Amino acid sequence: MKPCHCYAAVPMADWWKRERRTQMGKPWKSKNKPLFVSTDGSRLKIPELAGREEELGDLKGCRIPSLISARTPEGEVIIAAADVGNEGADWGWLGFGVRRSLDSGRSFGKLQRVITLQAHHAPQDFYDWHSPFVIDPCMVQAEDGTVIAVMDMCPESMGFWKREWLEENAFMEIDGKSRLMLFDGDTRVGDRPEAQKGNCYTVREQGWVYDPEGRRTRYYMPQKHSASHGFQTLGDLYYAVGEADYLDREPPLIPEKPGEGEDIYVGNVYLSWNKPSFPRGTPEFVRKRMAGPGEQVPSDYRVLETDPAPLVAAAAMHLWMSRDGGEHWEQPVDLTPMVKRDGEGVFLGTGPGAGIRLSRQKDPRKNNRILIPVYQSCKSENSASVIYSDDNGITWRRSEENMYNCDEVQAAELSDGTILSFGRPRRPGYTPVSYSRDGGEHWVEGKATQLFVQSCQKSLIALPVDEGTEENFPWRYPEGMQKGRQYVLCSYPSGENNREDIRRTDGTISLGEVGEDCQITWKAHKKIKLEGTWETAEDPIFTNIFSYSCMCVQENGSIGLLYEALPNNCLCYTQFNLDWLLEK
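Residue numbers here run from 1 along each chain, matching the order of that chain's written sequence. Note on the predicted model: pLDDT of at least 70 is required for a residue's local features to be given, and 80 or more for side-chain atom pairs to be given and counted; whole-chain, interface and lining totals, by contrast, use all residues. With hydrogens and water excluded, all non-hydrogen atoms of the structure serve as input to the side-chain values.

Caption draft 1: Fine view of the pattern of salt bridges. When a carboxyl oxygen of Asp or Glu is within 4 Å of a side-chain nitrogen of Lys or Arg, the pair counts as a salt bridge. Here the structure, examined in full by the defined rule, presents 31 salt bridges. The closest approach of N and O atoms between Asp236 and Lys288, which form a salt bridge, is 2.8 Å. Separated by 52 residues along the polypeptide, Asp236 in strand β13 (residues 236-239) and Lys288 in the loop between β14 (264-268) and β15 (289-291) bring together distant segments of the chain. Note on exposure labels: buried denotes an accessible area under 20% of the residue type's maximum, exposed denotes more than 50%, and partly exposed covers the range between, all computed with a 1.4 Å probe on protein chains only. Given a relative accessible area of 6%, Lys288 falls into the buried group. Here Arg369 and Glu441 are joined by a salt bridge, their closest N and O atoms 3.0 Å apart. Here Glu441 lies in the loop between β29 (433-436) and β30 (444-445) and Arg369 lies in the loop between β22 (356-357) and β23 (370-376), a separation of 72 residues in the sequence. As far as burial versus exposure is concerned, Arg369 and Glu441 are alike and both buried. Salt bridges sharing common partners tie together Asp40, Arg43, Glu87 and Asp300. Under the DSSP-based scheme used, a helix requires at least four consecutive residues in state H or I and a strand at least two consecutive residues in state E, with every element numbered from the N terminus.

Caption draft 2: Region of the structure containing empty space enclosed by the protein. In this analysis a 1.4 Å probe is tested at points of a 1 Å grid over the protein atoms alone, and where it fits but cannot get out there is a cavity; an open set with protein on both sides within 12 Å along at least five of seven lines is a pocket; lining residues have an atom within 4 Å of a point. Grid points are joined across faces, edges and corners, and a volume is the space filled by probe spheres set on the points. The full count for this structure, using the stated rule, is three cavities of 30 Å³ or more. Within this model, the second largest cavity holds a volume of roughly 40 Å³. Lining the second largest cavity we find Asp58, Lys60, Gly85, Trp93, Arg113, Tyr301 and Arg302.

Caption draft 3: Layout of the sheet that holds strand β2 (residues 61-72). Whether two strands pair comes down to DSSP finding at least two bridges between them. The strand order β2-β3-β4-β5 describes an open sheet built from four strands, whose pairing is antiparallel. Two strands bound the open sheet, and with one partner strand each, they are β2 and β5 (112-115). Pairs of neighbouring strands in the sheet enclose a mean axial angle of 30 degrees, with direction left out of account. Note on geometry: axes are lines fitted to C-alpha atoms, helical ones only across the stretch in contact, with angles between N-to-C directions running from 0 to 180 degrees.

Caption draft 4: Inspection of the environment of Gly440 at higher detail. Structurally, Gly440 can be placed in the loop between β29 and β30. For Gly440, a relative accessible area of 0% puts it in the buried group. For the pair Gly440 and Ser399, spaced 41 residues apart in sequence, the C-alpha to C-alpha distance is 6.4 Å. Here Gly440 is in contact with Leu371, Val386, Ser399 and Ile419, once residues within four sequence places are set aside. Whether two residues are in contact is decided by their heavy atoms: any pair within 4.5 Å suffices.

Caption draft 5: Structural view of the packing of aromatic side chains. Any pair of Phe, Tyr and Trp rings, taking the six-membered ring for Trp, is counted once the centres come within 6.5 Å. Such a pair is stacked with planes under 30 degrees apart, edge-to-face with planes over 60 apart, and tilted for the rest. Applying the stated criterion to the full structure yields 22 aromatic pairs. Ring geometry for Phe160 and Trp161: centres 5.4 Å apart, planes at 85 degrees, overall edge-to-face. Their ring planes at 90 degrees and their centres at 5.6 Å tell us that Tyr430 and Phe452 sit as a pair that is edge-to-face. Linking Tyr430 in strand β28 (residues 429-431) with Phe452 in strand β31 (residues 449-453), this pair joins segments that are 22 residues apart in sequence. By definition here, charges over rings are those cases where NZ of Lys or CZ of Arg is within 6 Å of the ring centre and within 35 degrees of the ring normal. Taking NZ or CZ as reference, Arg204 lies 4.5 Å from the ring centre of Tyr210, over its face. Of note, Arg216 hangs over the ring of Trp208, and the distance from its end group to the ring centre comes to 3.9 Å.

Caption draft 6: Expanded view of the nonpolar core. Counting 84 residues, the largest nonpolar core has Phe36, Phe96, Leu182, Leu237, Leu463, Leu489 and Leu511 as the members making the most contacts within it. It is strand β3 (residues 75-85) that provides the largest number of residues to this core, a total of seven residues. Among the buried residues, those of types Ala, Val, Leu, Ile, Met, Phe, Trp, Tyr and Cys that are joined through side-chain atoms within 4.5 Å form a nonpolar core. Judged by nonpolar contacts, the second largest core, of 29 residues, contains Ala89, Trp91, Phe133 and Ile419.

Caption draft 7: Seen up close, the sheet that holds strand β35 (residues 520-527). On the basis of which strands lie adjacent, the open sheet formed by four strands has the order β32-β33-β34-β35 and antiparallel pairing. The outermost strands of the open sheet, each flanked by one partner alone, are β32 (459-462) and β35. Between one strand and the next, the sheet's axes are offset by a mean angle of 20 degrees, whatever the strand orientation.

Below, the structure written as structure tokens:
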């Protein structure tokens, strides 16, 4: 990883101060702006929400929001992110995309597809799983200014929902270093329990592949990939005919048939369905192909297709990190060997939304620590924990204990240094609570808060405490909030407030006052609805949809909110002030 510059604090622009002062005491909320949304209105339950191609390209599907307010030398940047790709379930051709705002959420730039992986077969229907994918982004900004995005990555499969297809271990330790494993046999992908994974190879220095006896083969995986292509060549495997061509440079997006003495492209290790057998001699060249409207391979999605390599990666879930200020992104880093433990199942994934950077810890060594919530696939009710970094995201550790009665979680640091977490209950009910008083290393079960929610991810943020001084500006509590007290906000689908209703509907923002032992007294609740469009939905089941969400505290004193407003193809952004939230 290249070194990052340390960003000094940037004062709030004077014009924002003036505008904020004029808004104080006045309830204010912006309209709900479709920020990630299909540009094809025929795919939307509410066609008039369709996005513009000049902003979003040919975007068809999107899910799972992440939203942060980041500081740069030029000022605040609001970074909104989501899974972008096909309109599928929790698998398929899914990548990672961002949009950035330089004016505190008034407008956003064009969609940038940061990660776009190659497919085995281009998506043809909702349940198509023939592609590796990334899902569940969770962003945070480090003390040195670097924006870190952690997400799950899975080879060609259905990920979490077909865990029996996957291998528990993806890495092997050799000489004190974790090495990615590759196998020359078959995989269980596609409901083939009898498949034998065969011999184990490992990827070592410079991407060279070593055989089971520890001898270097002619195969290698290039380690540099072009950000301008969305890192699509990640996982490509080559056979070196002479000196390797791509050890220190990016491989071509679409390799040509090799001439004499040129390396041979043999497929991608993250594709696993019907892989070829391992050749005894020189392997055959694999030709990539474009799919999409009017292309050689018909599909609604413009996708680059390729074939499996004769060696495939163990089909386990990965955590990846991409570093930079949101405009340019570096090579992803696989965090799996640092944080995943033996014997805890095939899956370790993020609690999607936003991470936190600590600043109020009694132990000063833990200030500026980065926390990302994660959860594992295990039979225990206590599957959530956090991973944390004390060096701006270079190395990571995992909390010693898990949180209680939940999987996907979000966390917030309170003014006394306590870290509060809200989990996703496994069925509609009251919100599970855990807290930590040692920087996230150990967790204590709290009393479930009286916040009835669907079984769904929710967003949790702690508000800056208004001490009543000029230094607190723009954080002035409106009437109804007590100065000096800690408050939190939670966004979630409340449904019809009963255990029989399992729909993710009726988006709610709740304001809570934190008391002793993290007991929360809820002071206000406000509904989130799209303006003037819900009545046009053809199917009443899509009325008032509100699923995954993510909030952030913005420098202008407003709260930003990015949420799923329709299943699989519409995420909306809005911002509001506390006066609006408390308005009767």
